[in-house]
Amino acid sequence: MAAKRIVVDPITRIEGHLRMEVMVDDNNVIQDAYASSTLWRGIELILKGRDPRDAGLLTQRICGVCTYSHYRVGIEAVENALGIAPPYNAILTRTLMSQALFLHDHIVHFYHLHGLDWCDITRALEADPRKASDLAFKYAEIPIATGADELTAVQTRLKGFVEEGHLGPFANAYWGHKTYHFTPEQNLIVLSHYLKALEVQRNAAQMLAIFGGKQPHPQSLVVGGVTCVMDLLNPNRLGEYLTKFDEVSDFMNRAYYADVKMAAESFIGEDSVLKGSGVQNFIAARDFQISRNEWLFDRGMVLDGDLSRAHDVDEDKITEEATHAWYHDDQSRHPYQGKTEPNYTGFRDGDTMQGRAKIIDEKGKYTWVKAPRYDGRVMEVGPLAQMLVGYARGNEKVRAVVDDFLAETGVPVPALFSTLGRTAGRMLQTKLIADHGKTTLMNLVENLKVDQETCAPYVIDRNREYQGRALNDVPRGMLGHWVKIKNGVIENYQCVVPTTWNASPMDGARQHGPYEAALIGTKLADPNQPLEIIRTIHSFDPCLACAVHVMDYQGNELASYRVEPGR
């Protein structure tokens, strides 16, 4: 029998618009998969002809989630081009803001975006709150938000949602799915932490705003350094950051770590979560400078799943191509030579399990996402990549948290290359920041006693040409910005974002990108409720940036906008 096509559109609880199409056989095993981003950004075109000092402010508008990530990398790409070395105080301040971003982003991802792929909220109604309260001590020495009275209140609140028929954020899920494995009491614990995390994430967002002026879209970074001088010299502001950092870190260690540990125990026999890593190559950038000579995260690659060694990165081998993306130029190019000229070819009519519909043309172009490659290899980026690279590099801090987690859960090393491993990797990265982030603040305080410089002077010579890049690790993985400057303005700009790596389509050699490869071979318990697809894709924490070309499910154009740089 011919393979059946399943369309999941849109994938919800992500940033942006993502469509997944998979082909399943008679046993409901996915034989092929295609990731399609249905929105186009075009930010690179908007930047042409602009003052390079505006690059960070403009690129942070790529989306409302990764604002600081693009802001910082845009600033640092221009600094690299101009040969500017920011002062030590500015470097540490940027790290403090990154720490706040990661703590916020990862906690929100697990509880409010990805958590419902693991937790069956409806079964929490069956739980015994006292039994759940006792169970919480199995996973944390001092659990948070799991007292019997607190859990009873949470359960009562959930009953109110159900009785009123308004489940709110808990509506339209695949409750009762066969691949949910938490007990009712475990589900109640996670639900309580889901609600508590709504409070905690507010503190994390405020941490970034202390030095950024606001969040999202902070304003305190400039080419050369930072402008938040008065905040850095105010002990109350430094103390406020420290207090909030402690509160968020406490939740990390008493809730987030415990819940992922509980998931590892409960789902270790679920085949679909032990899959989800069809690509065994991982790449990460060095980031989080916490002292003059120490970075928390390492740069490098793990190839073919071999953790015995880490490989160095040669940036000249990073390319993008668009054989199956909606752009004119299909040639594999380094980002400095990258072109962004849209060539939308649309969808075609076809059969799906949901009936006749517009479907992608997998033999042609089917997404707005290009296909980045490293020396022709498909690479995965993200917190898991960062943990694996650090582990292979022999980073003692990384090895300690990874080894402890594996020992406590009994999860074997091969399980790191999976949906479960990707989810655990994000949590372990958060724990590293929670455990070592104070070092950044203490080093900043000590340096401010003898040095209060926050911005380096520079000159842009309009008679010279410059080119530079920044390659950092952000919450979803390795982010690169490449810029060329001529006559004092931006001549060319290219962003290769984490989701570009992970959501990439097939390349000219017909190699699937990480999202697609992660799904191939996965068996669906019920093709009409493809929770396994959603859980695996959510484990990457997709962030498909907003754009200027929109289409609906039937393929009709809703609106188009023309942006002319320089006007």
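Residues numbered from 1 in each chain as written. Predicted model: local features only at pLDDT ≥ 70, side-chain atom pairs only at ≥ 80, totals over all residues. Heavy atoms only, no water.

Caption draft 1: Highlighting the nonpolar core. Residues Phe-211 and Tyr-241 are the most contacted members of the largest nonpolar core, which totals 129 residues. The biggest single contributor to this core is helix α9 (residues 235–267), with 15 residues. Not counting chain neighbours up to four residues away, the residues in contact with Tyr-241 comprise Leu-96, Gln-99, Ala-100, Met-207, Ile-210, Phe-211 and Leu-441. In this structure, Ile-14, Met-20, Ala-35 and Phe-540 belong to the second largest nonpolar core, which totals 22 residues. (Core = buried A, V, L, I, M, F, W, Y, C linked by side-chain atoms within 4.5 Å. Buried < 20%, exposed > 50% of the residue type's maximum accessible area, 1.4 Å probe, protein only. Helix = DSSP H or I, 4+ residues; strand = E, 2+ residues; numbered from the N terminus. Contact = heavy atoms within 4.5 Å.)

Caption draft 2: Main features of helix α13 (residues 419–448). Look at α13: 43 Å from first C-alpha to last across 30 residues, which is about the 44 Å you get at 1.5 Å a residue. Remark: the principal bend of α13, roughly 45°, maps to His-436. Counting buried positions along α13 gives 22 out of 30 residues, so the element sits mostly inside the fold. (Expected span 1.5 Å × (residues − 1). Bend = angle between axes of the 7 residues up to and from the residue.)

Caption draft 3: Quick look at the sheet that holds strand β15 (residues 477–486). Taken together, three strands build an open sheet; the order of strands is β14-β15-β16 and the sheet is antiparallel. At either margin of the open sheet sits one strand with a lone partner, and together these are β14 (465–474) and β16 (489–496). This sheet shows a mean twist of 15° between the axes of neighbouring strands, independent of strand direction. Of the pairings in the sheet, the one linking β14 to β15 comprises 10 bridges and is antiparallel in character. Considered in β15, the bridge of Ala-470 is made with His-481. Along the sheet, helix α3 (residues 67–82) contacts β14, β15 and β16; its crossing angle with β14, the most-contacted strand, is approximately 145°. (Pairing = 2+ DSSP bridges. Axes fitted to C-alpha atoms, helices over the stretch in contact; angles between N-to-C directions.)

Caption draft 4: Structural context of the pairing of strand β10 (residues 318–321). Here β10 shows no split at all, with Ile-318 and Glu-320 on one side and Thr-319 and Glu-321 on the other all buried. Where β10 and strand β13 (residues 371–374) come together, four bridges link them in antiparallel fashion. Counted as the bridge partner of Glu-320 is Pro-372 from β13.

Caption draft 5: Region of the structure containing the packing of aromatic side chains. By the definition in use, this model includes 22 aromatic pairs. Between Tyr-515 and Phe-540 the ring centres are 4.8 Å apart and the planes differ by 55°, which places this aromatic pair in the tilted class. Separated by 25 residues along the polypeptide, Tyr-515 in helix α15 (residues 514–519) and Phe-540 in the loop between α16 (531–538) and β17 (549–551) bring together distant segments of the chain. In this structure Tyr-515 comes out as buried when scored by relative accessible area, which is 0%. Here Phe-540 falls in the buried class, since its relative accessible area comes to 3%. (Phe/Tyr/Trp six-rings, centres within 6.5 Å; stacked < 30°, edge-to-face > 60°.)

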